[in-house]
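Observations on the model geometry
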Amino acid sequence: MFALTNLLFTISSLASLALSLPLNLRDVVDPPITSPTAGAVWHVGEKQLVTWSTNGLPSNVTNPVGMLVLGYMYNNSENLMLNSPLATNINYTVGQVLITVPNVETREDYIVVCKW
């Protein structure tokens, strides 16, 4: 019984400690994609320049590295292809990245999203 009480006390103490640790503050940015625009047509294997606005971005960024992903809207929900990003390790302060159009199903409702 003593061992069980000791174990529960230890778990409770560790949980309290974990909850009391401060979280690091991070910038939240959502730069709008400026290209491609609605109606753009991409073909598999093509090189495409994806651009986004850098206006108003913080000057001292806590984490400027992110990825660019393809997705689509369905039932008012973003369905992002996070397992196969268009580009990774991109710096959002640059404002552009050259990607190769992946071999995906033909759709008319794709979106391009920056994930930082």
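What counts, and at which threshold
- Residues numbered from 1 in each chain as written.
- Predicted model: local features only at pLDDT ≥ 70, side-chain atom pairs only at ≥ 80, totals over all residues.
- Heavy atoms only, no water.
- Helix = DSSP H or I, 4+ residues; strand = E, 2+ residues; numbered from the N terminus.
- Buried < 20%, exposed > 50% of the residue type's maximum accessible area, 1.4 Å probe, protein only.
- Polar contact = N/O pair within 3.5 Å; in protein donor to acceptor, adjacent residues only side chain to side chain.
- Pairing = 2+ DSSP bridges.
- Axes fitted to C-alpha atoms, helices over the stretch in contact; angles between N-to-C directions.
- pLDDT = per-residue confidence, 0-100.
- Phe/Tyr/Trp six-rings, centres within 6.5 Å; stacked < 30°, edge-to-face > 60°.
- Lys NZ or Arg CZ within 6 Å of the ring centre and 35° of its normal.

**Quick word on the side chain of Thr51**
Locating Thr51 in the fold gives a position in strand S2 (residues 47-52). Accessibility expressed as a relative area gives 17% for Thr51, which makes it buried. Only 2.6 Å separates the side chain of Thr51 from the side chain of Thr34, close enough to count as a polar contact.

**A word on the sheet that holds strand S6 (residues 96-100)**
The strand order across the open sheet built from 3 strands is S1-S2-S6, with neighbouring strands paired in antiparallel fashion. Across the chains shown, the open sheet's two edge strands, defined by having one partner strand only, are strand S1 (33-35) and S6. Pairs of neighbouring strands in the sheet enclose a mean axial angle of 35°, with direction left out of account. With 5 bridges joining them, S2 and S6 adopt antiparallel strand pairing. Bridge pairing in S6 places Val50 opposite Val97.

**A short note on the confidence of the model for the protein**
This prediction gives the protein a mean pLDDT of 84; 77% of its residues lie at or above 70. Confidence scores differ between elements of the protein, with helix H1 (residues 2-20) showing the lowest mean pLDDT of 60 and S6 the highest of 97.

**A short note on the packing of aromatic side chains**
One pass over the structure, following the stated rule, counts 0 aromatic pairs. The residue whose ring lies beneath Arg107 is Tyr72, and the NZ or CZ to ring-centre distance is 3.8 Å.

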